[in-house]
Amino acid sequence: MERALAFLCCLGVALGAGTPKDIREVLIARCNAFQGNSAVKDAYGSSWKKRDCSKVADDFIQGFKNNNRCGVPDNAFDKVIQSAMQPMLPNKMTLWSGVHAQSKVLAKAEGLFTLEMGTLLGHMGDGLTFCGKKTPPGIDYASCPKWGECTSGGKDAVGVFWPAISKALATMARGVVRALLNGSGKCGRLPFRDESICASIELVYLNPKQVTKLEVLLVHLPGEKVVETCATGASIKSMKARVEKKGIAFSCIDDPKPIHDILCKGSPGAKGC
C-alpha cells in the first residue's frame with residue numbers, strides 16, 4: 001500500500017474517490033505508452049515481450065471486479081502478474097521508500113527503474129484508485145476505501161495490488177539492486193521501517209542466488225531535517241544486518257552527487273544545496 005499512499009498520508013491527503021469510469025481506456029493507454037517508451041529497451045533489452053494491452057487491462061480489472069471493497073484476496077492479481085511481469089536485466093532494478101514524488105524525477109533523469117517507472121503493471125496502476133463490489137456492474141465508481149478503512153484483516157484492491165507486484169518484482173531481481181530511501185524527516189519516518197513494503201516484502205523476497213548486492217542511495221531532501229545517515233542511522237544498520245543475513249552484500253551512499261544535484265535544482269537556495 002505504501003507505493004500508492006504513503007506520500008499522500010504524509011501530506012494529509014484523504015483518499016476515497018471511486019474507480020475512474022474510463023479505467024479500461026486509461027489502463028490501455030498507459031500500457032501502450034509504456035511499451036512505446038525507449039527506456040523499456042534499457043531495462044529489459046531484447047528480452048521484452050510485447051503484451052496485448054487490451055488483454056492486460058481486462059486481466060487487471062478482473063483482479064478487483066466483483067470483490068467486496070474490503071474483501072480482496074491476496075491472489076486477486078496473480079493472473080495479470082503472471083502475464084505482464086518479467087525480469088529486468090541484471091543491475092537495473094531500483095526499490096524505493098518514502099520518496100514517491102522524487103523517485104519519478106530521479107527515475108527519468110538517472111535511469112533508475114522503479115516499480116512505477118520500470119514495470120508495466122506499476123506504470124499502469126500508478127496513482128489510480130480502483131475497487132469492486134458484489135452488485136452489478138461489479139466495479140464501484142462512486143467510492144473506494146479510504147486509508148485505514150479496511151479493518152479486521154480485510155484488504156482493499158489497491159492494498160493488495162501494490163504488495164503483490166512488489167513481491168513479484170523482488171523475486172525477479174538480479175545482480176545489484178538499488179534502494180532509494182529518504183533520510184530526512186519532514187514526515188517523521190525512518191528510512192527503513194518494518195511496516196514498509198521495502199522491509200516486509202521486497203527485502204524478504206530478494207533471492208541471494210540471484211542478487212549479489214543491495215546498494216542504498218540515502219537521500220536527504222533539501223531544506224528538511226536529517227534523520228539518519230549511512231554511518232549513524234539505526235534503521236540503516238538494521239537493514240544492513242537483515243540483508244547480510246540473507247547472504248547479500250550491502251552498501252550505503254549518502255546523497256550521491258548526481259541525485260543531490262537534481263534535487264537541489266528543484267529547490268534552489270534550500271539548506272543543504
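Look a little higher up for the structure.
Conventions used here
- Residues numbered from 1 in each chain as written.
- Predicted model: local features only at pLDDT ≥ 70, side-chain atom pairs only at ≥ 80, totals over all residues.
- Heavy atoms only, no water.
- Helix = DSSP H or I, 4+ residues; strand = E, 2+ residues; numbered from the N terminus.
- Buried < 20%, exposed > 50% of the residue type's maximum accessible area, 1.4 Å probe, protein only.
- Contact = heavy atoms within 4.5 Å.
- Core = buried A, V, L, I, M, F, W, Y, C linked by side-chain atoms within 4.5 Å.
- Pairing = 2+ DSSP bridges.
- Phe/Tyr/Trp six-rings, centres within 6.5 Å; stacked < 30°, edge-to-face > 60°.
- Lys NZ or Arg CZ within 6 Å of the ring centre and 35° of its normal.
- Axes fitted to C-alpha atoms, helices over the stretch in contact; angles between N-to-C directions.
- Parallel < 35°, antiparallel > 145°, perpendicular 65-115°, else oblique.
- Left-handed = near helix turned anticlockwise from the far one by under 90°.
- Nonpolar A, V, L, I, M, F, W, Y, C, P; charged D, E, K, R; others polar.

*Asks:* Before we go on, may I ask you to explain the side chain of Gln35 in this structure?
*Replies:* Within the element layout of this structure, Gln35 appears in helix H2 (residues 23-35). Overall, the relative accessible area of 13% leaves Gln35 in the buried class. Once you skip the residues sitting within four places of it in the chain, Gln35 turns out to touch Val40, Trp48, Lys49, Lys50, Arg51 and Cys53.

*Asks:* Even after reading the chapter, I still don't get the nonpolar core, so can you show me in this structure?
*Replies:* Looking at soluble globular proteins, one finds that nonpolar side chains tend to be buried together. Membership of the largest hydrophobic core comes to 64 residues, with the highest contact counts inside it found for Phe64, Phe77, Ile81, Leu121, Phe130, Leu214 and Met239. With 10 residues, helix H9 (residues 157-172) is the largest single contributor of residues to this core. In this structure, Leu214 is in contact with Val177, Arg178, Ala179, Leu203, Leu206, Met239, Val243, Ile248, Ala249, Phe250 and Ser251, ignoring residues within four places of it in sequence. Formed by nine residues, the second largest nonpolar core is a distinct cluster that contains Leu180, Leu217, Val219 and Leu263.

*Asks:* Got a minute to help me understand the pairing of strand E1 (residues 94-97) in this structure?
*Replies:* As a general feature of sheets, a regular strand has side chains that alternate between the two faces. Of the two faces of E1, the one lined by Thr94 and Trp96 and the one lined by Leu95 and Ser97 are each fully buried. One ladder, built from four bridges, connects E1 with strand E2 (residues 175-182); its direction is parallel. Bridging across to E2, Ser97 finds its partner in Leu181.

*Asks:* What is the right way to read the packing of aromatic side chains from this model?
*Replies:* Where two aromatic rings form a pair, the distance of their centres and the angle of their planes describe that pair. A full pass over the atoms with the stated rule returns 10 aromatic pairs. When the centroid spacing of 4.9 Å and the interplanar angle of 45° are considered together, the rings of Phe60 and Phe161 count as tilted. Highlighted residues: Phe60 in helix H4 (residues 53-62) and Phe161 in helix H9, separated in sequence by 101 residues. Centre to centre, the rings of Phe77 and Phe161 are 5.2 Å apart; their planes meet at 75°, and the pair counts as edge-to-face. You can see Phe77 sitting in the loop between H4 and helix H5 (78-84) and its partner Phe161 sitting in helix H9, a full 84 residues away along the chain. When the ring centre of Trp48 is taken as reference, the NZ or CZ atom of Arg51 above it lies at 4.9 Å.

*Asks:* Which parts of the structure should I look at to understand unusual backbone geometry?
*Replies:* Outside of glycine, negative phi angles account for most residues, and trans bonds account for most peptide bonds. Across the junction of Pro136 and Pro137, the peptide omega takes the value 10°, indicating a cis bond. In this fold, Pro137 is placed in the loop between helix H8 (120-125) and H9. Even without being glycine, Asn66 reaches a positive phi, approximately 70°. Here Asn66 is to be found in the loop between H4 and H5. Residue class for Asn66 comes out partly exposed when judged on its relative accessible area of 36%. Positive phi, close to 70°, is recorded for Asn91, a residue that is not glycine. With respect to the helices and strands, Asn91 occurs in the loop between H5 and E1.

*Asks:* Quick question: what am I supposed to make of the packing of H2 against H4 here?
*Replies:* When two helices pack together, their arrangement is given by the angle between the helix axes and by the axis-to-axis distance. Across the interface, H2 lies against H4 with an axial gap of 9 Å and an inter-helix angle of 130°. In terms of orientation, H2 and H4 fall into the oblique class. When the axes of H2 and H4 are compared, the crossing they make is right-handed. Contact residues: Ile23, Arg24, Leu27, Ile28, Cys31, Asn32 and Gln35 in H2; Cys53, Ser54, Ala57, Asp58, Phe60 and Ile61 in H4. Across the contact of H2 with H4, the residue classes tally to eight nonpolar, three polar and two charged.

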